[in-house]
Amino acid sequence: MLELSHLTKRFGSLEALHDLSFDVRPGEIFGFVGANGAGKTTTMRVVLGVLEADSGSVIWDGSPITFAARRRIGYIPEDRGLYPKMTVIAQLEYFARLHGVVRKAAHAASIALLERLGLADRAKSQLQSLSHGNQQRVQLAAALVFSPDLLVLDEPFAGLDPVAVDAMTDVLRAEADAGKPVVLSSHQLDIVERVCDRVGIINHGQMVASGTVAELTERGPLRFWVDVPGAGAGWYDGVPGVTLVEQDGSRWLLQLADDAGEQAVLQKALTLGPVHEFRRERPALTQLFRDVMSGTAVDE
Amino acid sequence: MNSQALIRVIATREFMTRIRTRVFVITTALTVIAIGGYILLQAYVFNTSTSSLEVGFVGAAQSISAPVRAEAAGFGETINVRPYTSAAAGKADVQSGTLDALVSGSGAGTTMMVQSKVNLTLETVLNDVVRGRVLDQYLTKHRLPPSDVDGQLAFSVSVNELSPVNAARVEQIVIGLLVAGVLYVTMVIYGQLVAAGVIEEKSNRIVEILLATVRPWQLMLGKITGIGLVALVQVVLIAGVALVLASATKLVSIPTLGIDVVISGVVWFVLGYLMYALLYAAAGSMVSRQEDVASVALPVTLMLVAGWIIALTVAAPDPGSPATSVFSFIPLFSPVIMPVRIAAGLAPFWQVAISVVLVIATIYILVAIAGRIYRNSVLRIGGRVKLSDALGLSSSGKPVV
């Protein structure tokens, strides 16, 4: 398990990370979301040891992470980087060798990964001759080629088309299912919502919300869609704690106060005619993200 | 995985990708061809002194052909004697160029016929031999045995050179300068390649993945080692071809190029390259764009140029001077000045040993300092990193990564 404990990092007058803590469990994909400059990349660099935190610690399997343990992390940095003029296969073999894989095994692992990522026919091509999406796949392959114990991926979906995103998520899910913790950051909240087991929202270097997608969306206001063709305006007025959010033809979006019972709303609706829909409205992660960003949960 | 194995993997990649580039293959081939061509040109076109002279002797002059040939051989000139019975036939051969000179007559009436320019050695030898003949005849006529006179003259003026110029010493100094010059050029070229290679990894952003895997100093040493091996291969190829051709055409006598000079050349190459490559790597890490490599590498290059100028102006004219000795102990200058002293045979072993130790100590210090600059600079993409930031002396400033 990877634990980040009370990380703080300053760059001059800017506090990039402020008492940041979270953990990522084996077999879990943890999505790390936040606005530009929120501290995602800094956090990942601290985990990798590329940057040093001013205080706090990174714990791996119960003890402070060592350089040897960090070498077992598969990493995709925000700024992609591979050798443009090296062939794909030579590149992967090099990264495997850097992680101590012997020559033959490095070659075998590289070939196997390229087949898995659908790039076997490009093995002998120079990296710079590949499309952007394929270069991204090679970047992922470079992070996986030495069978890492943990994956840290900064914006792995950036610039990928939907098919490539699916291929990438399949690979990540397989890695997580093999028992590895996977941490990724992304701006694409719909993908994060779909792929990640747990999500952390970071703002100004602080974790402002974290939990499973379901847990996070529970935090939203209690709202129900009710489709009652027979009802007229203000039909819900008799139920205490109910206010109208939106009306769309015969469909009504009602917000309930904490102590108001949704069964009372349903019973009232049934008295007015057949109810075609009665559904809890859960805010999308995007909505939640906006709420958090603009909300009061953030202090400067 | 230990550091050595890691550095070997990094160096192997550098070596293999660079040695296979078209640039390397073409520049090496062109240099070998240029140097080989120059040596062959020297040996067979410009250098006519090694060929022999065809000299014809007609009539009475035939009696002096043997002593002329013998004395000319003493001056290193080979003469092929061709007897003629007719002066006209000899003249025809001189005119057609198959004969270099035709000697006729005897005593004060001796004549040498040439096409346009007389060979000075031949003229001196001929005068000497003919005058000797005339003198012998004169002495015999006056009843003085020529051998007695020869005995009286069997001496030469003793010359007392206050500051003698040793011809062999001059050749040694030239060879020392050649060794130093090759080291100097190689360090400048390959040092800048190290700086460019560091910047390449910065501008490719690959350095972030690498630094998540290896220590900065391991990355730096791996790169320096790989590029250094490429330089070594190139120098050995070029120098090897030059030496083989030069000795095959007898242009240079290999014995003057002692084995100690060759070994010390290799040692100084390794030490000097390491020292300067570290400086170039540190300089390169401080900028992010290839355009900036020249400006940031300039101070390092200037140190090398300064050393080379001292080698040319101080060490070469007087390799035994105290100034030369002092400069040869300054680690940044040792690699280009010590080889001159060593080749001139003027560097006692203990002095060479001390300067080697000083350079190795400098390399150790540079590994620490350059490694520190490299570590603090290599992730800062954007403008030029201030030296104080690179050395980690000030903690302010956000890395623009």
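Criteria and thresholds
Residues numbered from 1 in each chain as written. Chains lettered and ligands numbered in written order. Predicted model: local features only at pLDDT ≥ 70, side-chain atom pairs only at ≥ 80, totals over all residues. Heavy atoms only, no water. Helix = DSSP H or I, 4+ residues; strand = E, 2+ residues; numbered from the N terminus. Buried < 20%, exposed > 50% of the residue type's maximum accessible area, 1.4 Å probe, protein only. Contact = heavy atoms within 4.5 Å. Areas by Shrake-Rupley, 256 points an atom, 1.4 Å probe, with all protein chains shown as cover. Pairing = 2+ DSSP bridges. Axes fitted to C-alpha atoms, helices over the stretch in contact; angles between N-to-C directions. Phe/Tyr/Trp six-rings, centres within 6.5 Å; stacked < 30°, edge-to-face > 60°. Buried area = accessible area lost by both parts, 1.4 Å probe. Salt bridge = Lys/Arg side-chain N within 4 Å of Asp/Glu carboxyl O. Polar contact = N/O pair within 3.5 Å; in protein donor to acceptor, adjacent residues only side chain to side chain. Nonpolar A, V, L, I, M, F, W, Y, C, P; charged D, E, K, R; others polar.

> I keep staring at the overall build of chain A and nothing clicks. Help me out?
Helices and strands together make up the secondary structure of chain A, namely ten helices and 14 strands. Dimensions of chain A, computed from C-alpha atoms along their principal axes, come out at roughly 75 × 45 × 30 Å. Split into buried and exposed, the 300 residues of chain A put 50% on the buried side. Across chain A, the fraction of contacts at a sequence separation of at least 24, relative to all contacts at a separation of at least 6, is 68%. Accessible surface, chain A: about 13200 Å² in total, of which carbon and sulfur atoms supply 49%.

> Please clarify how the sheet that holds strand S8 (residues 182–185) of chain A should be interpreted in this entry.
Sheet strands line up and pair through hydrogen bonds in the backbone, either parallel or antiparallel. Residue and element names in this part refer to chain A. Taking strand neighbours across the sheet as the criterion, the six strands line up as S6-S7-S8-S3-S9-S10 in an open arrangement whose pairing is mixed. Strands at the two margins of the open sheet, each flanked by one partner only, are strand S6 (73–76) and strand S10 (206–212). Each adjacent strand pair in this sheet contributes to an overall mean axis angle of 15°, direction not counted. Here strand S3 (residues 29–34) pairs with S8 via four bridges, running parallel. Within S8, the position partnered with isoleucine 29 by the bridge is valine 182. Packing of helix H5 (residues 132–144) onto the sheet brings it into contact with S6 and strand S7 (150–154), and relative to S6 it is tilted by some 160°.

> Sorry, what's going on with the environment of alanine 143 of chain A here?
Residue placement: alanine 143 of chain A occurs in helix H5. Here the alpha-carbon distance between alanine 143 of chain A and valine 182 of chain A, two residues 39 residues apart in the chain, equals 12 Å.

> Please explain the packing of aromatic side chains as it appears in this structure.
Two aromatic rings, taken as a pair, are described by how far apart their centres are and by the angle between their planes. Residues and elements named next belong to chain A. Evaluated as defined, the whole model comprises twelve aromatic pairs over all chains. Residues phenylalanine 22 and phenylalanine 32 carry aromatic rings whose centres are separated by 5.0 Å and whose planes lie at 40° to one another, so their mutual orientation is tilted. With phenylalanine 22 in strand S2 (residues 14–24) and phenylalanine 32 in strand S3, this residue pair connects regions lying ten residues apart in the sequence. Assigned by exposure class, phenylalanine 22 and phenylalanine 32 land together as buried. Consider the rings of tryptophan 235 and tryptophan 252, whose centres lie 6.2 Å apart with planes at 85°: the pair is edge-to-face. Separated by 17 residues along the polypeptide, tryptophan 235 in the loop between strand S11 (222–227) and strand S12 (242–248) and tryptophan 252 in strand S13 (residues 251–256) bring together distant segments of the chain. Overall, tryptophan 235 belongs to the buried group, its relative accessible area being 6%. Overall, the relative accessible area of 3% leaves tryptophan 252 in the buried class.

> How should the interface of chain B and chain A be read in this particular structure?
Taken together, the contacts link 21 residues of chain B with 24 residues of chain A. Surface buried jointly by chain B and chain A totals about 2500 Å² across both partners, of which 67% is contributed by carbon and sulfur atoms. Along the contact surface separating chain B from chain A lie two salt bridges. At the boundary of chain B with chain A, the tally comes to six residue pairs in polar contact (both at pLDDT 80 or more). Breaking the side of chain B that touches chain A down by element, the ones donating at least two residues are helix H1 (3–19) and helix H8 (206–211) of chain B. If you tally residues by element for the side of chain B that touches chain A, the top one is H1 of chain B, at five residues. Residue composition of the side of chain B that touches chain A, grouped by class: twelve nonpolar, three polar and six charged.

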